[in-house]
Amino acid sequence: MQIKDSVVFITGANRGLGLAFARAALGAGARKVYAGARDPSGIALAGVQPVRLDVTDAAQVAAAAAACGDVTLLINNAGISRGGSLLGDDRAFDKAQAEFQTNFFGMWSMARAFAPVLQANGGGAIVNVLSVLSWLSLPNAATYSASKSAAWSLSNGLRNELRAQGTQVVSVHVAFMDTDMAARVPGPKTAPQDVVQQTFAALASGAHEVLADAVTRELKKSLSTDAPAYAAAR
């Protein structure tokens with residue numbers, strides 16, 4: 001999958017990683033870039049085509065797929081975090097439901113809607129933006145972690161089912177990025193542009209996964225050891 005001359009659809013494209021994907025796709029020679037956002041008036045990047053899209057709204061997802069029938073690369077970037085714990089938070093269910101609606105069901109809905117579009121255009125690819133928290137649960141983000149773990153399983157299932165039509169599925173795992181979502185988190189953060197470049201390289205090489213930083217790579221490596229990171233006290 002090459003970015004040059006591709007037609008790209010990005011969810012959550014108004015800021016952060018989504019905006020970085022849009023800029024980089026234009027810079028790499030994409031023929032067209034659709035920038036999906038709940039409020040498209042907030043998309044100021046020249047050269048993209050704004051699309052009103054709430055990934056939790058089935059009618060808007062269907063409308064986007066119908067209107068953007070030339071897409072060859074879908075980037076499922078939209079995501080939210082409500083900061084919920086599992087047992088010590090009276091609003092945990094509400095937070096988890098909101099996170100799953102966007103991070104899991106929204107991603108699934110977009111993949112279902114655009115799979116026929118990608119098939120009609122030669123197969124193409126889907127990029128699913130996940131997290132290091134697909135494999136690790138943090139106390140103050142346990143509901144978010146659960147949604148990203150489910151999204152990892154979803155991404156693997158989509159890869160299996162879309163292989164026959166020639167659609168590449170890439171899962172992108174990253175720890176903290178220098179975006180609004182992690183603005184209050186201390187410590188080193190990965191630049192969104194770096195994640196984008198690694199993702200484009202994975203698409204070009206036919207890879208199925210991006211481990212975007214050292215934290216993510218070390219954590220995944222620990223999964224097959226006797227002391228996996230997810231079992232450590234937090």
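Worth saying up front: this structure is predicted, and the values here are computed from it rather than measured.

Enquirer: How would you explain the layout of surface pockets if you had to name every residue and give the values?
Expert: In this model, the second largest pocket occupies a volume close to 180 Å³. In terms of lining residues, the second largest pocket is bounded by W108, A111, R112, A115, L154, G157, L158, E161 and L162. When contributions to the lining of the second largest pocket are tallied by element, the ones reaching two or more residues are α3 (92–120) and α4 (142–162). Here the lining of the second largest pocket takes 5 residues from α4, the largest share from any one element. Along the lines of polarity and charge, the residues of the lining of the second largest pocket split into 6 nonpolar, 1 polar and 2 charged.

Enquirer: Lay out the pairing of strand β5 (residues 125–129) with the relevant residues and their values.
Expert: For β5, a buried count of 5 out of 5 residues is recorded, marking the element as mostly surrounded by other parts of the structure. Taken together, strand β4 (residues 73–76), α3 and β5 constitute a β-α-β crossover, and its handedness is right-handed. Relative to strand β6 (residues 168–173), β5 runs parallel, the two sharing 5 bridges. Each bridged residue has a counterpart across the sheet, and for I126 the counterpart in β6 is V169. Considered for its hand, the β-α-β crossover made up of β5, α4 and β6 is right-handed.

Enquirer: Describe the sheet that holds strand β3 (residues 49–52), with residues and values.
Expert: Sheet architecture is open: 7 strands sit in the order β3-β2-β1-β4-β5-β6-β7, paired in parallel fashion. One side of each edge strand has no neighbouring strand; the edge strands of this open sheet are β3 and β7 (209–211). Taken over all neighbouring pairs, the strand axes of this sheet differ in orientation by 15° on average, direction set aside. As paired elements, β6 and β7 share 3 bridges and run parallel to each other. Residue pairing across strands places S171 opposite E209, the latter belonging to β7. Packing of α3 onto the sheet brings it into contact with β1 (7–10), β4 and β5, and relative to β4 it is tilted by some 180°. Those strands touched by helix α5 (residues 192–205) are β4, β5, β6 and β7, and its axis lies near 155° from that of β6.

Enquirer: Which residues make up the pattern of salt bridges, and what values go with them?
Expert: On inspection of all chains with the given rule, the structure shows 5 salt bridges. Across the salt bridge formed by D70 and K32, the nearest N and O atoms sit 2.7 Å from each other. Of this pair, D70 sits in the loop between α2 (58–67) and β4 while K32 sits in strand β2 (residues 32–37), and the two are 38 residues apart along the sequence. The partner of D54 in a salt bridge is R38, with the nearest N and O atoms 3.7 Å apart.

Enquirer: Outline the packing of helix α1 (residues 16–27) against α5, supporting the account with residue identities and numerical values.
Expert: To characterise two packed helices, one gives the angle between the axes of the helices and the distance between these axes. Closest axis-to-axis distance for the α1/α5 pair is 9 Å, and the angle between their directions is 55°. Our classification of the angle between α1 and α5 gives oblique. Crossing angle aside, the handedness with which α1 passes α5 is right-handed. Touching G16, L17, A20, F21, A24 and A25 of α1 are P192, Q193, V195, V196, Q197, T199 and F200, all from α5. Within the contact of α1 with α5, the residues separate by chemical class into 9 nonpolar, 4 polar and no charged.

Cut-off values and rules
- Residues numbered from 1 in each chain as written.
- Predicted model: local features only at pLDDT ≥ 70, side-chain atom pairs only at ≥ 80, totals over all residues.
- Heavy atoms only, no water.
- 1 Å grid on protein atoms, 1.4 Å probe; cavity = no way out; pocket = protein on both sides within 12 Å on 5 of 7 lines; lining within 4 Å.
- Points joined across faces, edges and corners; volume = space filled by probe spheres on them.
- Helix = DSSP H or I, 4+ residues; strand = E, 2+ residues; numbered from the N terminus.
- Nonpolar A, V, L, I, M, F, W, Y, C, P; charged D, E, K, R; others polar.
- Buried < 20%, exposed > 50% of the residue type's maximum accessible area, 1.4 Å probe, protein only.
- Right-handed = clockwise from strand over helix to strand, strands pointing away.
- Pairing = 2+ DSSP bridges.
- Axes fitted to C-alpha atoms, helices over the stretch in contact; angles between N-to-C directions.
- Contact = heavy atoms within 4.5 Å.
- Salt bridge = Lys/Arg side-chain N within 4 Å of Asp/Glu carboxyl O.
- Parallel < 35°, antiparallel > 145°, perpendicular 65-115°, else oblique.
- Left-handed = near helix turned anticlockwise from the far one by under 90°.

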